[in-house]
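Residue-level structural notes
Chain by chain, the residues run as shown.
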Amino acid sequence: MAEPKATIVPVDPATPDPAVLARLGAALRAGALVAFPTETVYGLGADATNPAAVAGIFAAKDRPSSDPLIVHLADLAQLPAVTGRTLAELPPAVARLAAACWPGPLTLILPRGPAIPASVAAGLATVGVRLPAHPVARALIQAAGVPVAAPSANRFGHTSPTTAQHVFADLGERIPWIIDGGPSLVGVESTILDVTQSPPRVLRPGGISVEVLGAALGEPVAFQERAAVADDAAQAPGMLLSHYAPRARLLVFDGDDVAATWARAIAEAHELAAQGQRVGALAPDDLAADFAAAGAVAVARLGALTDPAAVARHLFAALRQLDDAGVDSIVTGSFARAGLGLAVRDRLWRAAGGVVIPVEDATEREA
Ligand code: AMP
Ligand code: MG
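Here's a quick rundown of the structure. (Residues numbered from 1 in each chain as written. Chains lettered and ligands numbered in written order. Predicted model: local features only at pLDDT ≥ 70, side-chain atom pairs only at ≥ 80, totals over all residues. Heavy atoms only, no water.)

Comments concerning the nonpolar core
- Core analysis: the largest hydrophobic core is formed by 49 residues, its most contacted members being Leu-44, Leu-97, Leu-106, Leu-108, Ile-175, Leu-193 and Leu-213.
- Put simply, the parts of the chain that give this core at least two residues each are strand S3 (43-47), helix H2 (51-61), helix H3 (79-83), helix H4 (92-101), strand S5 (106-111), strand S6 (126-130), helix H6 (164-171) and helix H7 (210-217).
- Counting 45 residues, the second-largest nonpolar core is a separate cluster that includes Val-188, Val-252, Leu-272 and Ala-281. (Core = buried A, V, L, I, M, F, W, Y, C linked by side-chain atoms within 4.5 Å. Buried < 20%, exposed > 50% of the residue type's maximum accessible area, 1.4 Å probe, protein only. Helix = DSSP H or I, 4+ residues; strand = E, 2+ residues; numbered from the N terminus.)

If you want it as structure tokens, here you go:
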């Protein structure tokens, strides 16, 4: 695939130039791949009604065809075209959640209408649908005039991109266009909620918290943290264990006593540095100096320990930063199960290949 290098097109994130978006919207409609900023992470977009364009997404990412894509809309008027149903014909939770959470980082699993090719949804009868909040994403989809399938704009299994530069590093040789609208402000992918089940169930924690979803619905949503999920069938398709993995070995100290997990991570940094390793730390601001004092050669700051939204915003860029620093091992601790903390915990767990180190029994660690 001797493609030309991607052109990075800078736009103002709040008020993008309509002429630029008209041009790139037309490119999307004509079947081209266009990477663009959303509030969660950068997406790799294609016309969701065009099977050839959709195939291009899977090829560019090396993504297996068994991993379904999320379809992005500019407004609710596009919902019937994607689901084959009016709002009134969809589960009642949809109208309530759309009013409370859209545009925003929430993906709903809905019936798939005939306009959406099976390949978008990996053959499923359902389709993930989201109305992104980012002004650039909305204006681009509006200009395209078609629903836009868009997974994160990274090679399959890599860390999701939160800047145009991250996209270029992964896909610059493979796609023609990258719109640069600055860093993504949520920083982790959308929350995926299956509203075809009752009560609605969270398949992936993400940019909107389960607390907010419960308040919007008037009843708690179902959610099982990954470690407690025994069988694969209970997870969303495509939710592989090893994802977002950095090149360095990632050691996640996990436990209910959050402070104890960080004390253990700092002690481990000290031990590994003493053995001559180049140690990186994913550290809350409050503890950055402690990791440096323990001998970590690279400390990526995540924001305050008690501010999971800040941690989510910085997490993926921090993982890339530590890989760029060429560290041997990355150590980190645990976050509380509240707000975006669930999404942060999920991404760290996946980045570690599903192997975390319980602080109560650190000797059970797997290399
Ligand atoms: P992303 O790679 O962030 O765009 O997220 C796509 C993920 O959404 C997939 O890997 C699935 O886990 C989930 N997903 C998408 N469509 C469906 C669907 N129809 N049913 C269940 N999960 C879905
Ligand atoms: Mg992804």
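Things to note about H2
- The complete set of buried residues in H2 reads Ala-53, Val-54, Ile-57, Phe-58, Ala-60 and Lys-61.
- Measuring from the side-chain oxygen of the N-cap residue of H2 to the backbone nitrogen of Ala-52 gives 2.9 Å; that N-cap residue is Asn-50.
- Positive backbone phi, at 60°, marks Asp-62, one or two positions downstream of H2. (Polar contact = N/O pair within 3.5 Å; in protein donor to acceptor, adjacent residues only side chain to side chain.)

Thoughts on the side chain of Arg-347
- Relative to the helices and strands, Arg-347 resides in helix H11 (residues 341-351).
- Within polar-contact distance, the side chain of Arg-347 engages the side chain of Asp-346 at 2.6 Å.
- Not counting the four nearest positions on each side in its chain, Arg-347 is found in contact with Val-188, Glu-189, Ser-190, Arg-204, Pro-205, Gly-206, Tyr-244, Leu-315 and Phe-316. (Contact = heavy atoms within 4.5 Å.)

Remarks on the environment of Leu-203
- Here Leu-203 shows up in strand S10 (residues 201-204).
- Given a relative accessible area of 14%, Leu-203 falls into the buried group.

Things to note about the packing of aromatic side chains
- Under the criterion given, the structure shown has two aromatic pairs.
- With a centroid separation of 6.1 Å and an interplanar angle of 85°, the aromatic rings of Trp-262 and Phe-291 are classed as edge-to-face. With Trp-262 in helix H8 (residues 258-274) and Phe-291 in helix H9 (residues 288-293), the pair connects residues that are 29 residues apart, well separated along the chain. This pair shows no difference in class: Trp-262 is buried, exactly as Phe-291 is. (Phe/Tyr/Trp six-rings, centres within 6.5 Å; stacked < 30°, edge-to-face > 60°.)

Details of the pairing of S6
- Of all five residues in S6, four are buried; the element is thus mostly enclosed.
- Looking at chain direction, strand S4 (residues 70-72) and S6 are connected through three bridges and run parallel. Bridging from a neighbouring strand, Val-71 pairs with Val-129 of S6.
- Looking at chain direction, S5 and S6 are connected through four bridges and run antiparallel. When the bridges of S6 are listed, Ile-109 appears paired with Gly-128. (Pairing = 2+ DSSP bridges.)

Observations concerning the packing of helix H10 (residues 308-324) against H11
- Packing of H10 against H11 leaves a shortest axis separation of 8 Å and a crossing angle of 25°. Considering the angle they form, H10 stands roughly parallel to H11. Classified by chirality, the crossing of H11 by H10 is left-handed. Only Gly-341, Val-344, Arg-347, Leu-348 and Ala-351 of H11 make contact with H10, whose side of the interface consists of Pro-308, Val-311, Ala-312, Leu-315, Phe-316 and Leu-319.
- Residues that form the contact of H10 with H11 fall into these classes: nine nonpolar, one polar and one charged. (Axes fitted to C-alpha atoms, helices over the stretch in contact; angles between N-to-C directions. Parallel < 35°, antiparallel > 145°, perpendicular 65-115°, else oblique. Left-handed = near helix turned anticlockwise from the far one by under 90°. Nonpolar A, V, L, I, M, F, W, Y, C, P; charged D, E, K, R; others polar.)

Let's talk about the packing of helix H1 (residues 18-29) against helix H5 (residues 135-144)
- Viewed as axis vectors pointing N to C, H1 and H5 meet at an angle of 60°, and their least axial separation amounts to 7 Å. The orientation of H1 relative to H5 falls into the category oblique. H1 and H5 meet at a crossing whose hand is right-handed. Contacts from Leu-21, Ala-22, Leu-24, Gly-25, Leu-28 and Arg-29 of H1 reach H5 at Val-136, Ala-139, Leu-140, Ala-143 and Ala-144.
- A class-by-class count of the residues in the contact of H1 with H5 yields nine nonpolar, one polar and one charged.

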